[in-house]
Amino acid sequence: AETKAEGIDIAMWIDISSSMANKDVAPSRLEVAKKMAMHFIQKRILHDAFSIIAFAGEPNLVSPTTQDSLYLKQSIQQLTSGIIKEEGTALGDAMGTCINQLRDSQNPKKIGIIISDGNNTAGNLDPSISAKLARMFKVKFYTIAVGKEGNLLDPVDENTLRSIAENTQGKFFRANDAK
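Treat the numbers as computed from the prediction; the structure is a model and nothing was measured.

Rules used throughout
- Each chain has its residues counted from 1, following the order in which its sequence is written.
- Residues qualify for local features only when their pLDDT is at least 70, as the model is predicted, and side-chain atom pairs are given and counted only at 80 or more; totals for whole chains, interfaces and linings, by contrast, use all residues.
- For the side-chain quantities, the full set of heavy atoms in the structure was used; hydrogens and water were omitted.
- Secondary structure counts use DSSP, requiring at least four H or I residues in a row for a helix and at least two E residues in a row for a strand, with both numbered from the N terminus.
- To pair, rings of Phe, Tyr and Trp, with the six-membered ring standing in for Trp, must have centres within 6.5 Å; the planes then decide the type, stacked if under 30 degrees apart, edge-to-face if over 60, and tilted in the middle.
- Per-residue accessibility, obtained with a 1.4 Å probe over protein chains only, is compared with the maximum for each type, and a residue is labelled buried under 20%, exposed over 50%, and partly exposed between these values.
- We count a salt bridge whenever a side-chain nitrogen from Lys or Arg sits within 4 Å of a carboxyl oxygen from Asp or Glu.

Draft legend 1. Up close: unusual backbone geometry. The omega angle of the peptide bond from Ala26 to Pro27 is 0°, so this bond is cis rather than trans. Relative to the elements of secondary structure, Pro27 occurs in the loop between strand E1 (9–15) and helix H1 (29–44). Positioned with a positive phi, Lys138 is a non-glycine residue whose angle comes to about 55°. Position of Lys138 among the secondary structure elements: in the loop between helix H4 (127–136) and strand E5 (139–146). Positioned with a positive phi, Gln169 is a non-glycine residue whose angle comes to about 65°. Mapping Gln169 onto the fold places it in the loop between helix H5 (158–167) and strand E6 (172–175).

Printed below as a string of structure tokens:
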């Protein structure tokens, strides 16, 4: 039997593009992102339901909405750069997938959590269009930028992530290290 959470429906999406392999935050941006995601789920799983979306040049639904913490943890642990062949970072498309995951939910509380280095370099949907769709479906996006400031090889696009959060009434956070 499926139990319905009294809390929030959360679509969490994790950037697995090649830039996330950067080691400017140890052991890598992707490993820090995965740890953050698992820690957040552990703290919220009693009340909230999660879906996981991995994205690079295109989004890929890794886990449908569930409260099965073991399944979610295994889904996140399996994420590696390269499992999505399409290179790049399709932030707008990933937002669209996230909105599709949440829009039919009966729960009025819906949020998306983006863990990325924020460079929108691929996909068909511009993040600003996706932000307008998010507002229509009452989905707030919380964005977490992973990576050190001043990295010239793989710069972190904080502005895009800030803009997504602001345009959807969410919040922006910065992860400069594993803590």
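Draft legend 2. Looking closely at the packing of aromatic side chains. Tallied over the entire structure, the rule returns 3 aromatic pairs. Ring geometry for Trp13 and Phe55: centres 5.2 Å apart, planes at 65°, overall edge-to-face. Separated by 42 residues along the polypeptide, Trp13 in strand E1 and Phe55 in strand E2 (residues 49–55) bring together distant segments of the chain. Across this residue pair, the class does not change: Trp13 and Phe55 are buried. When the centroid spacing of 6.2 Å and the interplanar angle of 90° are considered together, the rings of Phe40 and Phe50 count as edge-to-face. Taken as a pair, Phe40 in helix H1 and Phe50 in strand E2 lie far apart in primary sequence, 10 residues in all.

Draft legend 3. Seen up close, the pattern of salt bridges. This structure, assessed with the given rule, holds 6 salt bridges. We note a salt bridge from Arg29 to Asp117, for which the minimum N-O separation is 2.8 Å. Residue Arg29 is found in helix H1, and its partner Asp117 is found in the loop between strand E4 (110–116) and H4; the two are separated by 88 residues along the sequence. Residue class for Asp117 comes out buried when judged on its relative accessible area of 0%.

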